[in-house]
Each structure stands twice: as structure tokens, then as C-alpha cells.
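Architecture at a glance
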Amino acid sequence: MADAHAGSEPVPLRFDRTEATRPQDAAYAQAIDDSLMERMAIGDGRALEQLYDRYHILVYSVALRVVRDQMLAEDVVQEVFVRLWRRPQAYDPARGRFLSWLMSVTRNRAIDEVRRVTRRLRIEDRREDAAEQVRSTDRLDAPELAAAIGDERREVRAALASLPQEQRRVLELAYFDGLTQSEIATLTETPLGTVKTRTRLAMNRLRQRLGGRS
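In this text, all values refer to a predicted model and were calculated from it rather than measured experimentally.

Scanning all chains against the criterion turns up five aromatic pairs. A centroid spacing of 5.4 Å and a plane angle of 85° characterise the contact between Tyr91 and Phe98, whose relative ring orientation is edge-to-face. Overall, the relative accessible area of 3% leaves Tyr91 in the buried class. Look at Phe98 and you get buried, because its relative accessible area is 3%. Ring centres of Phe98 and Trp101 lie 5.9 Å apart, and the angle between their planes is 40°; on these two criteria the pair is classed as tilted. Separated by three residues within a single helix, Phe98 and Trp101 lie in helix H5 (residues 98-138), roughly one turn from each other.

Structure representation (C-alpha cells):
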């Protein structure tokens, strides 16, 4: 199915977890899922509304079992149906039933949401730990120790700044944002092997620059 409305905004969706009560056009209410997807591919917003009315409760239930949070589950529902509107060509009826495909899309999106929240919490925890370490350092009474720590921080910042941009980027994503090498490869659209090489080269440069303290 051709994407005849790429970039256009989806019709407003509602989420009430109750059966729709507004009158439905008989032709749309009786249309099979594949037919509605074909209509949606040419920009028919009523087809999206019919699919939403037909499946939003089921999508919510599947999402809730994964994310275990009502607000997150509602967000997943909205994102799933927005994806249907923006990329109807992603569904291929030759590869299986629409409902099976929709449930797979829902589970995958819910899992992505759990990973996103987990990653954000992990980063926040690391930042809190780092902030506490800084506060503890600031409370030290020994001026010479504080000066030594300040000098070392400046050396580390200078060493990072001396790295080529691509190598510095992978270290920042790994150590400051908590991403894995696979996630860095996906985010930067770079082959995983290239990410690993850049990381290794960057660490070697830091070791040389800092005299083994990195």
C-alpha cells in the first residue's frame, strides 16, 4: 500500500476505555481490517477512527501488561495508532492477519517504552550519585586535596577535548548517557564494529594522555 499522506497529521484520537457510542458509517463498521488499512493508506481518517474504535481497548490491555502503568499504557495506545496513520504500508497482509501484526507492534512499542523509562531512571541515578560525590568533595577542608582534584578534572577534560570528534562522541554516549555499544551504533547510524573500534582507540588515547589514570 502506498503511503499517500506521509507527513500529514493524524486525525484526533480519543482514549476512554469504553465502547464507542457515536453513530458509525455502516460501510466502515462492516469493513474488514485489510480494507480499512487500504483506505487509510490514501488518507481516509474515518478508517483510522474505525480501527481505533475496534481495537483500542485490546491494545491498551496488551500495553498495560507490559508497562504496568496506566498512563504509560495510554501513551503506547496513542503512539501505536499514530504509527498506523503515518505508516500504513508497514502492514503486509500477505505476511499474516492484521490483528496479529497489531499486537506485535503494540508489544514492541510497550517494550521500547519500558526500556526508555529504565534508561532514564538509570541516568538520573548516576547523575545523582555524581552530584553527591561533588558535594562531598566540596566539603573537604584540605585545600591541597581540593586543588589536586581540580587539576585532575581539568586534565581529564583536556584529554577528552583532544580526541577526534567521533571518538569523543562514543565515550560521552557510553559514560555520560549510559548507552551500550549496540545502542550507540543504532543512535548514530554507525556499524557496531566501527563503534567498538572508536571506543578502543579513544580509551588508548586517554591512557596515553593521562599516564594510565583513565
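The structure having been displayed, the exposition proceeds.
The subject of this paragraph is helix H2 (residues 33-41). Within H2, burial applies to Asp33, Leu36, Met37, Met40 and Ala41. End-on, the buried residues of H2 take up no more than an arc of 140°, which puts them together on one face. Phi turns positive one or two residues past the end of H2, at Gly43, with a value near 90°.

What counts and how
Residues numbered from 1 in each chain as written. Predicted model: local features only at pLDDT ≥ 70, side-chain atom pairs only at ≥ 80, totals over all residues. Heavy atoms only, no water. Phe/Tyr/Trp six-rings, centres within 6.5 Å; stacked < 30°, edge-to-face > 60°. Buried < 20%, exposed > 50% of the residue type's maximum accessible area, 1.4 Å probe, protein only. Helix = DSSP H or I, 4+ residues; strand = E, 2+ residues; numbered from the N terminus. Arc of directions from axis to C-beta.

Function cannot be inferred from these measures alone, as they are strictly geometric.
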